[in-house]
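The residues making up each chain are set out below.
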Amino acid sequence: MEDSLWSSWGGFGSFKAAVMEFFRRKKSVDNEARHDDLKRNVEVTAHKEGLDELLERLGVNKHTGLSSDAAKAALAAHGPNQLTPPRQTPAWVKFFKELTGFFSLLLWGGSILCFAGYAIDRSKDHLFLGIVLVVVVVVTGIFSFVQNSKSESLMNSFKNMLPPKVKVMRDGTTDEVISTQIVPGDIVFVEAGDLVPADLRVLECSDNFQVDNAALTGESEPQKRRPICSHDDPLETQNLCFFGTQVPEGSCKGLVIETGDKTVMGRIAALAMSTKNEQTPINKEIHSFVLVISAIAMFLGVLFFFLNIGVGTPYIENLVFMIGIIVANVPEGLLATVTVCLTLTAKRMHAKKVLVKNLEGVETLGSTTCICSDKTGTLTQNIMTVARVVYGGLNSFVTEDAPSSFTGGSKTYEPSNICFQKLLRCAALCNTATFNESSKYEHEEDSETKKLDEFGNFIPVPFKGLVTQGDGSTIETYNWKPVGNASECAMIKLVQSESTQSSNDIGVDSIRRSHPTKFAIPFNSKNKYQVHVHECSTTGETVVLMKGAPERILDRCTHAVIGGKVVELTESERLNIISQQEALSSNGLRCLGFAELQLDPNVYHKGYKYSADDDETYSPNFPIGDRKDSSVDKNGRVQNPKSCQGLVFLGMMALIDPPRPAVPAAVEKCKTAGIKVIMVTGDHPITAKAIAYKVGVLWSKTRNDMEKDNARFGREPGHLEYENPGDAEAIVVPGHTISVDMDESDWDFILSHRQIVFARTSPQQKLVIVENCQRQGHIVAVTGDGVNDSPAIKKADIGIAMGIMGSEVSKNAADMILLDDNFASIVKGVEEGRLIFDNLKKSIAYTIQSNIPEITPFLAFIIFAIPLPLTTFLILAIDLGTDMIPAISMAYEQPEADIMKRPPRNSKTDRLVSNRMIQFSYGQIGLIQALAGFFTYMIVLNDYGYPPKILINRGHSEVWGHQPLFCKFQGGHYVNLDGTINDNLNPSVDPPTREYPFWFEGLDGELVTCGYPYNNFAGDGTPLDFDFRDSSSYSATRGKHTATIESYEAMTQNHFFEYIPWRGRTSSFWDNRYLSWNTDEANSPGNLGKNVEMLPYFGGRPAGLWSLCEQTDDSNCEGQFCGERGSAEIRGAHVPPIITNADPSNFNFADCPNQQDMTSSLYDRALYCNGQGSETLLGSKCANVNKYDLDSNIAYPQNPFQTFYCMGFNMENKDSCGRLTDEAETLPFCDSSGNVCGTFGNKDADCTFMCEGFCYWPGSEATNPTNPDQVSTFQQFQSETPGTDNNYKQCTNTASSESAFEALKHAQAAFFVSIVIGQIAGLLVCKTRWLSIKSQGMKNRFMLFGIGTEILLVCAIAYLKPMNIALGTRNIKFVHWFPAIPFAIFIFCYDETRKALMRATSKERTDPVTRQVVRESGWIERNFAY
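First, a word on scope: everything that follows refers to the structure included in this document. (Residues numbered from 1 in each chain as written. Predicted model: local features only at pLDDT ≥ 70, side-chain atom pairs only at ≥ 80, totals over all residues. Heavy atoms only, no water.)

**What to know about the overall build of the protein chain**
The criterion, for reference: Put simply, DSSP marks the helices as runs of H or I at least four residues long and the strands as runs of E at least two long, and each gets a number from the N terminus on. Note on classification: 1.4 Å probe, protein chains only; a residue is buried when its accessible area is under 20% of the maximum for its type, exposed when over 50%, partly exposed between these limits. Note on contacts: a residue pair is in contact if any heavy atoms of the two residues lie within 4.5 Å. Every accessible area reported is derived by Shrake-Rupley at a probe size of 1.4 Å, with residue values counting cover from the shown protein chains alone.
Counting its secondary structure elements, the protein chain contains 44 helices and 50 strands. With 1426 residues in all, the protein chain has 55% of them scored as buried. Within the protein chain, residue pairs in contact and separated by at least 24 positions form 71% of the contacts whose partners lie at least 6 positions apart. For the protein chain, the accessible area works out to roughly 59,900 Å², and carbon and sulfur atoms hold 54% of it.

Below, the structure written as structure tokens:
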């Protein structure tokens, strides 16, 4: 009702449309605005507010929490504490979209046309073709539908960040509440191991409270938290904790400030969900290719459809042709081939530890021009490691390398050095980290049960082992899993490593067992040190051990261990230590200092009670190097003098998350490949810069470095060694200096540097960085492992997540997952991606080669009206059959050269399908294949008696092979079934006889020309109660043009005789029954048989004859043609012009006394005669046509074109009609034993039986010896009801049409074989684009397998009967394989010559800086390379 009111007036309808369009656009604009807002950095002020103000704003009491009523009200106002799921698209809608892509719509259109064609002409070929096209679309759609969208799994992965229940204070009591019920203002409690349930302001916390922000910021170490605002940036301040982060140690009481979508993590989730996926390059290429190919197909199809209409081609034939053009142009198997190639590559990449989620991402990685890589866990191992150690050498403290990828695996310290041993002992004892006991032993698969050896002992696991990465490199890993603080874990791994390499048992457990702990002071942020007191169980000595910030430790030391002795720590040595510490820190290493002191056993005896403080003193009652202080604390306590004794400095350990060993080489390979590697990390700029230099992301000075060096050495502009900061190619960009509002010019300046590091970046900034790289035209790959990386990963052209350390969110947002978290695997992926693009290019070049030999038969069919050389089914057999495996085999092809030494492809110029590829595949190889096909086609037809000169304008699909062909002979001979020549007949002037029906050219014979009789009758309407044997039921032809006895007679009168080639008789397809075919047989040729469809039946040669002169509809034109309705000429059914001069009054079987010369007119009045059913109903009108001797009761058919009736027997085939003799008198008769005893005109009384294999017509009075009740009397023939299964068989001569039909089927099969032979040559030439096949070799076993299966499949299609029936092929002669072979050889030689000339005229050079191979294309390459 509403719609009708709106639409009742056009103005209102327009207004409604305008309003709807406004809201649609407004919604789109609103979504974009919200997305842009989400890209801005988080704006949180709760950390800077005064606590009282914040509590008042949230309406909460610090001591009792929210009231239950307030919590309910807040829940109603703010909603549940969960992330809003995205709007889901129903599965059926997704599936429908897969079925209605442009390519699919084209095939749907083709199938609909096929079904329409079937509805019109009932041709089963149209029906089957339509079904095949539907199956292709549906199968492709199902395959694509399986690639599920990522949005649902992406949001579900955020749910894993929410703990099930949380401790909350409400109404003054603490209780557990479901996490989704938390509201702003709630006071919650979190402990070690918990997930933070919402964004919190820290109210109170333990001194060791930390949060792991790695998923949010990418920082590799847990971050200290306390109730103090330490920074304006909410991500940097220490008094905020964020939803979804983990608490590795400590406990906290926090105030909920935001929940659900308003949390920082909620904004990231919303940003990830609102970020649109970029269309992959390969998707763009394939889409473009499909559009071009489809446009060509539709253009050609529609163009020739209208051209055919212009020349008068029937609509059905036109429809068949248009479908053929479309199907021939569209490579139906291409999308499946591309998908399979990508899948195979994805499997190959999986073996290299790369899991491909989005198949198209494989090629995208190969097109990548820029990699924005996270640092932690991708470029680095995400494992804190001791990289360098500082300890006392012979004369002073020295810095030595510890084995790690940061130091190139080198170890320069001396393990036996006493100073180093003391440092190790302190690192092992002043440490709370341990090794997981379970990890030290082997376990049963998927079980916590430890394995036992034959003696019942647990089987130990080596401390360290090697793991093979996806790129083939190995990385050292620790089988024993440490538990504890990351820095302390790094130390015990170093200690244990030395134990495994030393004969002395100095392992962590051994050291700790021999030095039990007596007292400990844990690390705290105020003191920045940790103290342990241990007693040596062997010597009884007690030692104080301290670890902490180097400046704090060094300040407490008065002595040091140098050269194995305790010496006084001089000021110069102190400065030396500080200098080394600064150098380490400037390289991004985190330093920890170590100290010890042997305690006096007389003072610190075994029973001594150690304490950190007591009622009287606030400092420990043992030495820790405190400075003397006479002050009194608030409790009136004083310093314990014992704590002021100085310590002995042992040295330092410098830690870092080291780069992966294979990364530097991988980054170097990226440079060579022209790929820009940008580090994007949330870590500190100094640390990021240090790692960037180590892995090769940076290799020259940054702008700041140049400015510092100029200032340090006093260089001014103009100075010889002055370094211009403006020339710096490297830049380190802190996150606080960039934003979404920054001008594009500023971004262009930053991204113009060749070496870039972004540090301290937020998730929003990572996304903006990716967008600006894409704006500059880069194909961007983004790697990451945290939740903070997910928006950028999703936005990237190819998103890559870490499989081991990566969060579920990042994995679900990504297109690829690195199963070994190794950046080097990305480079392997780039190589595979480039290779698959090259191979897809080759595969497509190979696939579309067959388009030309598939299209040109249809073009020749319509332009020259020759018999169709190739059917649509055979095209599909090529596209979906023989071509598939060879095309897929290209995925296994090895690269032709070092593809990682060339620049990334230019997506604007280096297209998957280029103009030059079209020229190569269509204009060169495809054209040669088409020539091979036509040559083979004509060879086969000629071998079966149809030379090329008679093909043009004789190929109408309803005429060739369905109506008899009439030819004018010059010389030659008529031959019978046995090959006997009749010398009494002159083929130039005499027609063939029933016993001598074949024409043999001999040595001097020639086919002058051939043609068809005029199809000069067309009766509109549909016959009612039609029965093909009852002539009285033939009242119309449903508009189909059909030949008449008059047109046959006109041909004969002008010496055009029915042509049955002797070559057809000697062929493998010949069947003697063609000369007298029983129309009742189910496999009747020429559209005959029971339950026949009327349209194809009337379009061919019916079982009888139409006569124009004998028509009874109009008595005013008796003896002449009536009902003229246009021209009888049909394109493709050539009628010799001389036929129009025939004199109908001289016709033998048509009574046309009043008719003038034969014309080319079409008539709509005719009488149908078939020798049965018409005698009683139509009087004597059919007497001439049938030519029976009715006075003698003899129904011998004198008319050679007319259907005849037979009785007889054949022991091999009971349905056979038998041979019809030339004259009635010569019909042989046999005795009861089957011996010939006479003829119809000369026999005795006992000679009355039928001889086997002959046709006994009505009135021949012969008895069937196998069934005495069957006697060929004329009376019985007249009494039988037409159309019933009676004793007489209705027979007709189909030899001329069947010979042509079978010859064409053989020629079509040979054309198909020739294409396959050409495609084998095409496959070999597409194997390489540059190198000779000799250089590349035939190492691709799958290609060899593909060639083998292609040959086997074409043999199956050509020689297996089920395939012959389904596809219309025939068992072609072996010699008919050979005509195409010279063309295949020419294709191979031509292409090898082309590539040799390209190599000779194009010069290659190597770039000295990047080592890229740059080729200067010559003229041949510029014009002929694809």
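**What about the state of the cysteines?**
What counts, and what does not: Any two cysteine sulfur atoms within 2.5 Å of one another count as a disulfide.
All chains considered together, the criterion is met by seven disulfides. Covalently, C1109 is tied to C1152 through a disulfide, its sulfur atoms 1.7 Å apart. Around the S-S axis, the bridge from C1109 to C1152 shows a dihedral of about 105 degrees and counts as right-handed. Highlighted residues: C1109 in the loop between strand 38 (1105-1107) and strand 39 (1124-1127) and C1152 in the loop between strand 39 and strand 40 (1161-1163), separated in sequence by 43 residues. The disulfide partner of C1230 is C1251, and the S-S distance across this bridge is 1.9 Å.

**Section: helix 16 (residues 418-429)**
We apply this condition: By this rule the span expected of a helix is its residue count minus one, scaled by 1.5 Å. Distance and chemistry together define a polar contact, namely a pair of N or O atoms within 3.5 Å, with one atom able to donate a hydrogen and the other to accept it when in protein, and with adjacent residues in sequence counting only for side-chain atoms on both sides.
Helix length check: helix 16, at 12 residues, gives a terminal C-alpha distance of 16 Å against a target of 16 Å (1.5 Å per residue), a fit within 8%. Within the span of helix 16, buried status applies to C419, F420, L423, L424, R425, C426, A427, A428 and L429. The N-cap of helix 16, judged by a side-chain oxygen 2.7 Å from the amide nitrogen of C419 a few residues on, is N417.

**Notes on the nonpolar core**
Inside soluble globular proteins, nonpolar side chains tend to come together where they are buried. Put simply, the rule reads: We call a set of buried residues a nonpolar core when its members are Ala, Val, Leu, Ile, Met, Phe, Trp, Tyr or Cys and they connect through side-chain atoms within 4.5 Å of each other.
Residues F622, M653, F823, Y946 and F1312 are the most contacted members of the largest nonpolar core, which totals 227 residues. Counting residues per element, this core draws most heavily on helix 39 (residues 1295-1326), at 17 residues. Excluding its chain neighbours within four sequence positions, the residues that come into contact with M653 are V386, R388, V389, L423, L424, A427, M491, L494, R590, C591, L592 and F594.

**Some thoughts on a nonpolar patch on the surface**
What counts here: A residue counts toward a patch only above 30% relative accessible area and without a salt bridge, and it is joined to like-charged neighbours within 9 Å or, for Val, Leu, Ile, Met, Phe, Trp and Tyr, to nonpolar neighbours within 5 Å. Throughout this description, the term salt bridge denotes a Lys or Arg side-chain nitrogen within 4 Å of a carboxyl oxygen of Asp or Glu.
A grouping of F115, F128, I131, V135 and V139 is seen on the molecular surface, where their side chains present a nonpolar patch of about 430 Å² in accessible area. Looking at which element gives the most residues to the nonpolar patch, the answer is helix 7 (residues 124-146), with four residues. Of note, V135 is situated in helix 7.

**Considerations on the environment of S367**
In this fold, S367 is placed in helix 14 (residues 361-367). The exposure class of S367 is buried, given its relative accessible area of 2%. For S367 and P903, which are 536 residues apart along the polypeptide, the C-alpha to C-alpha distance reads 9.6 Å. Sequence-distant contacts of S367, that is, excluding residues within four places in its chain, are made with P281, I779, P904 and R905.

**Examining the sheet that holds strand 8 (residues 246-249)**
For clarity, the threshold we go by: Two strands qualify as a pair provided that DSSP identifies no fewer than 2 bridges between them.
Spatial strand order, 6-5-8: three strands in an open sheet with antiparallel pairing. Looking at strand neighbours, the two that pair on one side only are strand 6 (223-224) and strand 8, the edges of this open sheet. In the sheet, strand 5 (residues 210-212) pairs with strand 8 via two bridges, with the strands oriented antiparallel. The residue of strand 8 that forms the bridge with Q210 is E249.

**Comments concerning the sheet that holds strand 11 (residues 370-373)**
Where we set the bar: Note on method: axes are straight lines fitted to C-alpha atoms, helices fitted across the in-contact stretch only, with angles between N-to-C directions ranging 0 to 180 degrees.
A sheet is described by the order of its strands in space; here eight strands give the open sequence 10-30-29-28-11-25-27-26, paired in mixed fashion. Of all the strands in the sheet, the pair left with one neighbour each is strand 10 (354-356) and strand 26 (730-734). Pairwise comparison of adjacent strand axes, ignoring direction, gives a mean angle of 20 degrees for this sheet. As paired strands, strand 10 and strand 30 (residues 816-818) are joined by three bridges and run antiparallel to one another. By the bridge assignment, V354 is partnered in strand 30 with L818.

**Brief notes about helix 23 (residues 703-712)**
So the rule is basically this: Here, the arc refers to the directions that run from the helix axis to the C-beta atoms.
Residues of helix 23 that are buried: D705, M706, D709 and N710. Buried residues in helix 23, looked at end-on, bunch into an arc of 130 degrees, giving them a common side. Away from its buried face by more than 90 degrees, helix 23 exposes K708, A711 and R712. On its buried side, helix 23 packs onto helix 22 (685-695). Following helix 23 by one or two positions, G714 adopts a phi angle in the positive range, close to 65 degrees.

**With respect to the packing of helix 32 (residues 915-943) against helix 39**
Spelled out, the test is: Orientation labels follow simple angle bins: below 35 degrees gives roughly parallel, above 145 gives roughly antiparallel, 65 to 115 gives roughly perpendicular, and whatever is left gives oblique. Rotating anticlockwise by less than a right angle from the far helix to the near helix defines a left-handed crossing, while the corresponding clockwise rotation defines a right-handed one.
At a closest axis distance of 8 Å, the pairing of helix 32 and helix 39 adopts a crossing angle of 150 degrees. On the basis of the axis angle, helix 32 is roughly antiparallel to helix 39. The way helix 32 lies across helix 39 gives a crossing that is right-handed.

**Considerations on the packing of helix 21 (residues 663-672) against helix 28 (residues 823-849)**
As a reminder of what qualifies: Residues are grouped as follows: Ala, Val, Leu, Ile, Met, Phe, Trp, Tyr, Cys and Pro are nonpolar; Asp, Glu, Lys and Arg are charged; every other residue, Gly included, is polar.
Viewed as axis vectors pointing N to C, helix 21 and helix 28 meet at an angle of 35 degrees, and their least axial separation amounts to 8 Å. Classified by chirality, the crossing of helix 28 by helix 21 is left-handed. The residues of helix 28 that touch helix 21, namely those facing V663, A666, V667, K669 and C670, are F823, A824, V827 and E831. Class assignment for the residues of the contact of helix 21 with helix 28 results in seven nonpolar, no polar and two charged.

**Looking at the side chain of D657**
Rules: Residues scored as charged are limited to Lys and Arg (positive) and Asp and Glu (negative), so that His and the chain ends carry no count.
Along the chain, the position of D657 falls in the loop between strand 24 (647-656) and helix 21. Of the side chains with opposite charge, K375 comes closest to the buried, unpaired D657, at an N-O distance of 4.5 Å. Polar side-chain contacts of D657 include one of 2.6 Å to the side chain of T380. Here I383 takes part through its backbone nitrogen, which lies 3.1 Å from a polar atom of the side chain of D657.

**A word on the pairing of strand 2 (residues 173-178)**
Looking along a regular strand, one sees side chains alternate from face to face of the sheet. As paired elements, strand 1 (residues 165-170) and strand 2 share six bridges and run antiparallel to each other. By the bridge assignment for strand 2, M169 is matched with T174.

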